[in-house]
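# Results of the structural survey
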Amino acid sequence: MTYHVGVISGDGIGPEIVAEAKKVLDRVGKKYGHEFLYTEILMGGCSIDATGVPLTDEAIAAAQASDAVLMGSIGGNTSTSPWYKLSPELRPEAGLLKLRKSLNLFANLRPAYLYEELKAACPLRDDIIGSGFDMMIMRELTGGLYFGARETKDVDGVMTAVDTLSYNENEIRRIAKRGFDIAMKRRKKVTSVDKANVLDSSRLWRKIVEEVAADYPEVTYEHMLVDNCAMQLVKDPKQFDVILTENMFGDILSDEASMVTGSIGMLASASLNDTKFGLYEPSGGSAPDIAGKGIANPIATILSAAMMLRYSFDLDKEADAIENAVKLVLKEGFRTIDIMPQDSREHNEHTQAAGMCTEEFKNAVGNKIVQVGTKEMGSLIADRV
Ligand code: IPM
Ligand code: MG
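Residues numbered from 1 in each chain as written. Chains lettered and ligands numbered in written order. Predicted model: local features only at pLDDT ≥ 70, side-chain atom pairs only at ≥ 80, totals over all residues. Heavy atoms only, no water.

Attention now moves to the domain arrangement of the protein. Along its sequence, the protein is carved into domain 1 (1-103 + 277-333 + 374-385) and domain 2 (108-262). A C-alpha centroid distance of 24 Å is found between domain 1 and domain 2. Domain 1 puts 11 residues into the contact, and the matching count from domain 2 is 13 residues. Here domain 1 meets domain 2 over a buried area of about 1200 Å², counting both sides, of which 66% is carbon and sulfur. The three residues of domain 1 that bury the most area against domain 2 are Arg100, Lys101 and Leu330, which together make up 41% of that side's buried surface. Where domain 1 meets domain 2, there are 0 salt bridges. The tally of links from domain 1 across to domain 2 stands at 1 residue pair in polar contact (both at pLDDT 80 or more). Mapped by element, the contributors of at least two residues to the side of domain 1 that touches domain 2 are α4 (92-102), α10 (299-311) and α11 (316-331). Sort the elements by how many residues they give to the side of domain 1 that touches domain 2 and α11 lands first, with 4 residues. Of the residues contributing to the side of domain 1 that touches domain 2, the split by class is 6 nonpolar, 1 polar and 4 charged. (Domains from an automatic or database assignment. Contact = heavy atoms within 4.5 Å. Buried area = accessible area lost by both parts, 1.4 Å probe. Salt bridge = Lys/Arg side-chain N within 4 Å of Asp/Glu carboxyl O. Polar contact = N/O pair within 3.5 Å; in protein donor to acceptor, adjacent residues only side chain to side chain. Helix = DSSP H or I, 4+ residues; strand = E, 2+ residues; numbered from the N terminus. Nonpolar A, V, L, I, M, F, W, Y, C, P; charged D, E, K, R; others polar.)

It is worth spelling out the packing of helix α1 (residues 14-32) against α10 at this point. Running from N to C, α1 and α10 point in directions that differ by 45 degrees, and their axes come no closer than 8 Å. As far as their axial angle goes, α10 and α1 are oblique. Helix-helix and strand crossings are classified by hand; for α1 and α10 the assignment is right-handed. Contacts between α1 and α10 involve Ile17, Val18, Glu20, Ala21, Val24, Leu25 and Val28 from the former and Thr301, Ile302, Ala305, Met308 and Leu309 from the latter. By residue class, the composition of the contact of α1 with α10 is 10 nonpolar, 1 polar and 1 charged. (Axes fitted to C-alpha atoms, helices over the stretch in contact; angles between N-to-C directions. Parallel < 35°, antiparallel > 145°, perpendicular 65-115°, else oblique. Left-handed = near helix turned anticlockwise from the far one by under 90°.)

This brings us to the pairing of strand β10 (residues 242-245). Burial along β10 is two-sided: Val242 and Leu244 and Ile243 and Thr245, pointing in opposite directions, are all buried. Of the pairings in the sheet, the one linking strand β5 (residues 134-140) to β10 comprises 4 bridges and is parallel in character. Paired with isoleucine 137 across the two strands is isoleucine 243, which belongs to β10. The pairing of strand β8 (residues 189-194) with β10 spans 4 bridges and is parallel. Along β10, the bridge assignment pairs threonine 191 with isoleucine 243. (Buried < 20%, exposed > 50% of the residue type's maximum accessible area, 1.4 Å probe, protein only. Pairing = 2+ DSSP bridges.)

Consider a sheet: its strands pair through backbone hydrogen bonds, and that pairing is either parallel or antiparallel. The strand order across the open sheet formed by 10 strands is β2-β1-β3-β12-β11-β4-β5-β10-β8-β9, and the pairing between neighbours is mixed. Two strands in the sheet have a free side with no partner beyond their single neighbour: β2 (35-40) and β9 (220-225). Going across the sheet, the axis of each strand differs from the next one's by a mean of 25 degrees, ignoring polarity. Pairing geometry for strand β4 (residues 107-113) and strand β11 (residues 268-272), over 3 bridges, is antiparallel. Looking at the pairing, alanine 107 lines up with leucine 272 of β11. On the sheet, helix α8 (residues 226-235) packs against β5, β8, β9 and β10 and is oriented at approximately 105 degrees with respect to β9.

Turning to the site of ligand 1, a few remarks are in order. What surrounds ligand 1 is the set Glu93, Arg100, Arg110, Arg139, Tyr146 and Asp251. At 2.7 Å, a side-chain N or O of arginine 100 approaches an oxygen atom of ligand 1. A distance of 2.8 Å separates an oxygen atom of ligand 1 from a polar atom in the side chain of arginine 139. Protein chains shield 75% of the accessible area of ligand 1, which is 310 Å² for the free molecule. The class makeup of the residues in the shell around ligand 1 is 1 nonpolar, no polar and 5 charged. (Near = heavy atom within 4 Å. Areas by Shrake-Rupley, 256 points an atom, 1.4 Å probe, with all protein chains shown as cover.)

Next up on the list: the environment of glutamate 116. One can find glutamate 116 in the loop between β4 and α5 (126-129). On the basis of relative accessibility, which here comes to 52%, the residue glutamate 116 falls in the exposed class. When the C-alpha atoms of glutamate 116 and methionine 43 are compared, they prove to be 35 Å apart, with 73 residues separating the residues in sequence.

Have a look at this one:
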């Protein structure tokens with residue numbers, strides 16, 4: 001079968017990591033008899049440079065015409081890049097928000113999973129890690145504060161900025177259903193996160209989630225306030241299966257959840273609408289500081305391609321093959337720099353705190369760790385699908 005994949009390589013490390021995901025997809029295609037045809041789509045800073053805007057109507061149409069879109073990352077250094085001198089609606093991120101809205105990608109799935117092999121890179125204590133954790137953040141992606149009316153104006157001589165947070169019951173119901181559906185395929189637990197002790201939008205969120213929950217008697221659900229959830233994620237991440245939450249809370253909590261796994265370079269994400277269409281992207285950013293150096297971790301993008309096979313194309317066997325290849329490469333001891341013990345700041349902090357020297361760390365993860373670059377990592381995974 002032939003699949004049309006729109007590809008947004010984007011900015012920073014985007015083109016490098018997307019190239020490796022395509023390499024892995026092509027190998028999967030060869031092995032399992034599929035053809036992936038790619039259409040490059042401009043979005044973000046590269047689109048600003050080429051067209052003056054972060055996302056053109058032609059780019060939206062090209063994304064719409066694809067079976068699914070695979071994305072690298074967009075944006076640059078917010079203090080130094082000329083893109084951030086432009087007005088807000090012309091900056092790289094505005095392109096991504098516009099694409100999500102135009103394609104109605106309201107359901108954002110962000111898995112956070114602790115790889116057995118990377119346990120030593122996890123910044124949490126061993127007794128907290130226990131047997132590891134595996135959660136899915138279901139973030140509402142096209143409503144709330146990021147899409148409400150906003151303005152900055154002079155009110156009686158005082159500069160005043162307003163952002164609007166609004167949700168209607170339909171927006172809440174459709175994402176809640178997605179959260180419960182996915183819980184049914186996992187450990188059947190939903191933690192709905194809100195700020196119902198303060199916000200009206202959260203009180204409506206809670207009411208609608210309760211209505212939806214009534215249709216899923218097998219799923220255990222609870223409500224948790226967002227500030228408590230931020231704390232629980234580092235105190236006891238094992239307790240979570242599906243975290244269901246609104247746009248901004250999900251943005252913040254998903255970064256936190258990814259950090260407790262040890263590396264944001266490992267985590268994939270999917271943004272879905274009501275059809276089989278999806279936009280698949282790594283959870284991490286464009287990392288302009290390491291762009292072009294050939295050291296970025298391509299695993300999150302490769303795993304995003306696996307999610308694309310699973311959710312948009314129903315190719316479960318092929319998705320399993322990619323996920324298993326990633327696990328195997330890690331087991332064999334191959335690491336990009338961000339998940340290496342040496343030179344990694346998180347690791348150094350961790351080992352210092354734990355009083356662990358590099359030798360001990362090596363033993364902890366299997367005694368043979370080899371640092372590889374972006375391309376080698378892609379090839380190692382492609383060879384094992
Ligand atoms: C993310 C990013 C985006 C968001 C930005 C780049 C607009 O942080 O995907 O989490 O906030 O949604
Ligand atoms: Mg974010």
